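The primary structure of each chain is shown beneath.
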Amino acid sequence: MKLDSILVIGAGTMGRGIAQWFAQQGVSVQLLDNNDDIAKEAIQSVQASWKKLEAKGKFQASEIQSFKEKLSASTWEEIRPDTDLVIEAIIEDAKIKTSVFTKLESICNEDTIFASNTSSIPISSLAKELPEKRRENFLGLHFFNPAPIMKLVEVIKGHWSKPEMITFFEEWFTEKKKEVAICSDSPGFIVNRVARNFYGESLRIVSNYDVAKMQEVDKVLKKCGGFRMGPFELMDLIGIDINYSVTESVWKSFYHEPRFAPHQLQKKMVDSGRLGKKTKGGFYDYE
Ligand code: NAI
């Protein structure tokens, strides 16, 4: 197994961060979005981020040049069939994700590994319609936001994932200085299952939209709990819509277990279009 080239599907918050990190590891990256303008804007945004890192002295100009050469936007027609790995990072919707994998099945070689960055959808349910060989070459690779900075990667073993592939990724990521957690294929895996209570209980404490209360909860969890970000700051960073979909998905998968239940306030925020930093306003306002 080798990892010289990858295709990232979805150039939103996660896709662009994943693409950036892999290019920094010397891997050739194609980045695709069903909206070509988003893919192009993502490349510009990654390049702007590299420029800032160069200015801060984190990378040399020659390194930045080599990263840039590794990263390109792609259309469906331009996908390299012999790419080593595809990472899907599109909307958290099982049906849409499945249709993307079915489409990729007709394009990619049978040895190409398929991975999903899903936060909560069981990996095996995304693989089950695919041919046997692909199901063996299918796993979850769950990165955290921002992907170039956050060390943790959850490597999720689906029902058919071949063990040597899991070991390959464990060793490869470890060599590249990521922290790997091997997870079984259960809703929310490890982090997003534990985190439901971090968000859910905080939402129940504030109950209604009340900035002073949200600030108080964020402050307590940072100052006393040792978290780098409070729950409301973190939901704004993740995207309240994404966080809400993940909560709904985990809650439904656990047969409507009350401790995983979504909160009215999350739903209200999503309906109002205040989704967090990406819309310049969520629980808090941003410039
Ligand atoms: P996002 O909404 O920022 O980006 C999704 C992108 O996918 C959009 O640019 C959209 O145009 C594109 N897209 C939608 N359908 C597509 C299709 N059929 N083909 C190609 N592109 C398509 O979403 P985000 O936050 O990047 O999340 C993506 C995935 O990563 C989700 O499964 C989410 O649960 C997971 N995730 C999100 C994290 C976060 O902090 N936002 C953290 C870890 C995982």
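Residues numbered from 1 in each chain as written. Predicted model: local features only at pLDDT ≥ 70, side-chain atom pairs only at ≥ 80, totals over all residues. Heavy atoms only, no water.

Comments concerning the site of the ligand
To keep things clear, this is the line we draw: We define proximity as follows: a residue is near a molecule or strand when any one of its heavy atoms falls within 4 Å of that partner. Here a polar contact is taken to be a pair of N or O atoms separated by no more than 3.5 Å, where protein atoms must pair a possible hydrogen donor with a possible acceptor and residues adjacent in sequence count only if both atoms sit in side chains. By definition, any uninterrupted DSSP run of H or I lasting at least four residues is a helix, any uninterrupted run of E lasting at least two residues is a strand, and each is numbered from the N terminus.
The local shell around the ligand holds 22 residues, among which Met14, Asp33, Glu92, Lys97 and Ser119 are the closest. Side-chain polar atom of asparagine 117 to an oxygen atom of the ligand: 3.0 Å apart, as the coordinates give it. With respect to the ligand, the backbone of isoleucine 238 contributes an N or O atom lying 3.1 Å from a nitrogen atom. Counting residues per element, the ones that place at least two in the shell around the ligand are α1 (13-24), α4 (94-105) and β6 (138-143). Per-element tally for the shell around the ligand: the top contributor is α4, with 3 residues.

Points about the packing of aromatic side chains
Formally: Each aromatic pair joins two rings of Phe, Tyr and Trp (for Trp, the six-membered one) with centres within 6.5 Å, and gets the label stacked for planes under 30 degrees apart, edge-to-face for over 60, and tilted for any other angle. Only protein chains enter the accessibility calculation, which uses a 1.4 Å probe; a residue whose area is less than 20% of its type maximum is buried, one above 50% is exposed, and one in between is partly exposed. Any Lys NZ or Arg CZ found within 6 Å of a ring centre and within 35 degrees of that ring's normal is scored as a charge over the ring.
In this structure the tally under the stated criterion is 19 aromatic pairs. Ring centres of phenylalanine 254 and phenylalanine 260 lie 5.0 Å apart, and the angle between their planes is 45°; this geometry places the pair in the tilted category. Accessibility expressed as a relative area gives 22% for phenylalanine 254, which makes it partly exposed. An aromatic cluster is defined as three or more aromatic residues linked by ring pairs; in this entry it consists of Trp21, Phe22, Phe143, Phe168, Phe169, Trp172 and Phe173. Just above the ring of tryptophan 160 sits the side chain of arginine 135; from NZ or CZ to the centre is 4.8 Å. Lysine 178 extends its terminal NZ or CZ atom over the ring of tryptophan 21, reaching a point 4.7 Å from the ring centre.

Some remarks on the domain arrangement of the protein
Heads up, the condition is: For every domain, the bounds stem from an assignment made automatically or drawn from a database. Here a residue-residue contact requires only that any non-hydrogen atoms of the pair lie within 4.5 Å. Put simply, buried area is how much 1.4 Å-probe accessible surface two parts lose in total, over both of them, once they are put together.
In terms of domains, the protein is made up of domain 1 (5-183) and domain 2 (191-279). Taken over C-alpha atoms, the centre of domain 1 sits 26 Å from the centre of domain 2. With 9 residues of domain 1 at the contact, the number on the domain 2 side is 8 residues. The junction of domain 1 with domain 2 conceals about 770 Å² of combined surface from both sides, 56% of it contributed by carbon and sulfur atoms.

Topic: a negative patch on the surface
Just so we agree on the cut-off: Patch membership requires over 30% relative accessible area and the absence of a salt bridge. Like charges are linked within 9 Å, and nonpolar side chains (Val, Leu, Ile, Met, Phe, Trp, Tyr) within 5 Å. What sets the accessible areas is the Shrake-Rupley method with a 1.4 Å probe; for residues, cover comes only from the shown protein chains. Whenever a carboxyl oxygen of Asp or Glu lies within 4 Å of a side-chain nitrogen of Lys or Arg, that contact is scored as a salt bridge. For the charge count, each Lys or Arg is scored as positive and each Asp or Glu as negative, with His and the chain ends excluded. To locate a charge, the coordinates of NZ of Lys, CZ of Arg, CG of Asp or CD of Glu are taken.
Residues Asp36, Asp37, Glu77 and Glu78 make up a contiguous surface patch of negative charge. In this structure, glutamate 77 sits in the loop between β3 (71-74) and β4 (85-88). A relative accessible area of 71% places glutamate 77 in the exposed class.

Quick word on α1
Under the convention used in this document: Multiply 1.5 Å by the residue count of a helix minus one, and that product is the helix's expected span.
Look at α1: 17 Å from first C-alpha to last across 12 residues, which is about the 16 Å you get at 1.5 Å a residue. Within α1, 11 of the 12 residues are buried, leaving the element largely enclosed by the surrounding structure. All of the buried residues in α1 are Met14, Gly15, Arg16, Gly17, Ile18, Ala19, Gln20, Trp21, Phe22, Ala23 and Gln24. In the stretch just after α1, glycine 26 is the one whose phi turns positive, near 85°.

Remarks on the pairing of strand β1 (residues 5-9)
Going by this rule: By this definition, two strands are paired if DSSP reports at least two bridges between them. Seen with its strands pointing away from the viewer, a crossover is right-handed when the path leading from the first strand over the helix to the second is clockwise.
Of all 5 residues making up β1, 5 are buried, and the element is well covered by its neighbours. In β1, alternate side chains face the same way, and those of Ser5, Leu7 and Ile9 on one face and Ile6 and Val8 on the other are all buried. Two elements, β1 and strand β2 (residues 28-32), share 5 bridges in a ladder whose sense is parallel. Counted as the bridge partner of isoleucine 9 is leucine 32 from β2. Considered for its hand, the β-α-β crossover made up of β1, α1 and β2 is right-handed. Summarising the sheet, β1 and β4 pair through 4 bridges and their orientation is parallel. Within β4, the position partnered with isoleucine 6 by the bridge is leucine 85.

Focus on the nonpolar core
Worth spelling out the cut-off: Nonpolar cores were defined as sets of buried Ala, Val, Leu, Ile, Met, Phe, Trp, Tyr and Cys residues, with membership established by side-chain atoms within 4.5 Å.
Counting 40 residues, the largest nonpolar core has Phe22, Leu85, Leu141, Phe143, Phe169 and Phe173 as its most contacted members. Among residues more than four places away in sequence, those in contact with phenylalanine 22 are Leu3, Ile6, Val27, Val29, Leu85, Ile87, Phe143, Trp172 and Phe173.

What about the sheet that holds strand β8 (residues 179-184)?
Pairing between the strands of a sheet is mediated by backbone hydrogen bonds and can be parallel or antiparallel. Definition in use: Here an angle of 0 to 180 degrees is reported between the N-to-C directions of two axes, which are lines fitted to C-alpha atoms, with helices fitted over the stretch in contact.
On the basis of which strands lie adjacent, the open sheet formed by 8 strands has the order β3-β2-β1-β4-β5-β6-β7-β8 and mixed pairing. Of all the strands in the sheet, the pair left with one neighbour each is β3 and β8. Pairwise comparison of adjacent strand axes, ignoring direction, gives a mean angle of 25° for this sheet. Sheet topology note: the strand β7 (residues 152-157)/β8 ladder contains 6 bridges and is parallel. Note on β8: the bridge partner recorded for valine 155 is isoleucine 182. Packed on one face of the sheet, helix α2 (residues 36-55) meets β2 and β3 and runs near 165° to β3.

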